[in-house]
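Notes for the structure review
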Amino acid sequence: MRIRATVAAVTGALALSALAVPAAQADAQGDVNLNRPSAAERFGTSSAKSAFGTAAAAEAAPVVSNVKVNSGKAVVVGTTYTKTFTVSVNVSHASGVEDAYIDLWHGTDVEENVDGFLPPNEEAATCTATSATTSSCKLTISAAPGLNDDGIGELYANALAGTWHVTVGALAKSGDMYWNDYYGTHKVQRASKLTVNASPEPVKKGRTITVTGKLSRANWETLKYAGYTNQSVKLQFRKKGSDTYTTLKTIKSNSTGELKTTVTASTDGYFRYSFAGTTTTPAINATGDFVDVQ
């Protein structure tokens, strides 16, 4: 069985934790079977010292710090390409560092409700010693849009966008282990697109300029981009010769993600739409569209 502990040094008695996708979602998305390894299985040892026996053993667990996922930036995935990113952790132990582990998982409970799993690509971390007791360890993780296999490493449902849990593990040369399935959280988001078109061009001063555009985001189920509806988007303007955009007004995208508003022509410059982003979708600015005012 998997020991119910948020963080601990663990033993080889831990077995594979088979975590199934909720039935309704699995039926909708295909045959998804997410199996996450235990600490002992990941590190390939059954003789590790346990923190559950004595307080002294618990003190011998490796110390982890400076955990980074994708350099601190959200993992943004579109509809076509697999996103591969780096994860890293510093590990310290008196005996030295043997290995480290990081994965991302989505769900409410690591033992009973995991519906997304992004494991590391490597069987072991690349650990570079910075001293006799400390190493900096790195791995890579890949996230692919859609369901192509068993769901592991795949973003097969739009509901997976948002906050994911980060698991961190470490193995000392002495066999002592650290494992925390709830070390932190990280954003995995659906890529966004934003367009703008200001017309007519050129336009006489005082006349009406119509500014249209569209806000869309990746759909991991259809592998196409679709309109992001009912979202607040700012219309901004930058005068010719300036580097700064100012907000003119805020509007909302319609039922297909389309944007449309009007302004009065006053001076040459660039119009753009700006979206602040949500938990599931990253912020984005459209490329400014220049209008010559005569």
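In the block above lies the structure referred to throughout.
A brief look at the structure comes next. (Residues numbered from 1 in each chain as written. Predicted model: local features only at pLDDT ≥ 70, side-chain atom pairs only at ≥ 80, totals over all residues. Heavy atoms only, no water.)

Some thoughts on the nonpolar core
Of all hydrophobic cores here, the largest spans 32 residues; its most connected members are V89, V91, L104, L118, L155, V188 and W220. Elements represented by at least two residues in this core include exactly β4 (63–69), β5 (75–77), β6 (83–92), β7 (97–109), β10 (134–145), β12 (162–172) and β13 (177–190). What V188 contacts, discounting residues up to four positions off in sequence, is V75, L104, L118, L155, L160, A161, G162, W164 and W220. Judged by nonpolar contacts, the second largest core, of 22 residues, contains A198, L235, F275 and I284. (Core = buried A, V, L, I, M, F, W, Y, C linked by side-chain atoms within 4.5 Å. Buried < 20%, exposed > 50% of the residue type's maximum accessible area, 1.4 Å probe, protein only. Helix = DSSP H or I, 4+ residues; strand = E, 2+ residues; numbered from the N terminus. Contact = heavy atoms within 4.5 Å.)

Remarks on the environment of G153
As for its placement among the helices and strands, G153 is situated in the loop between β10 and β11 (154–155). Accessibility expressed as a relative area gives 12% for G153, which makes it buried. What G153 contacts, discounting residues up to four positions off in sequence, is F117, L118, P119, S142, A143 and A144.

Looking at the environment of A276
By the secondary structure assignment, A276 is in the loop between β20 (269–275) and β21 (284–285). The sequence separation of A276 and K234 amounts to 42 residues, and the corresponding C-alpha distance is 8.4 Å.

Re the pairing of β12
Across the eleven residues that make up β12, a large majority, ten, are buried. With eight bridges connecting them, β7 and β12 associate as antiparallel partners. Bridging from a neighbouring strand, D99 pairs with L171 of β12. Pairing of β12 with β13, which is carried by nine bridges, proceeds in the antiparallel orientation. Along β13, the bridge assignment pairs T163 with K187. Here β12 folds back onto β13, and the loop between the two strands holds four residues, one of which, G175, carries a positive phi near 100°. (Pairing = 2+ DSSP bridges.)

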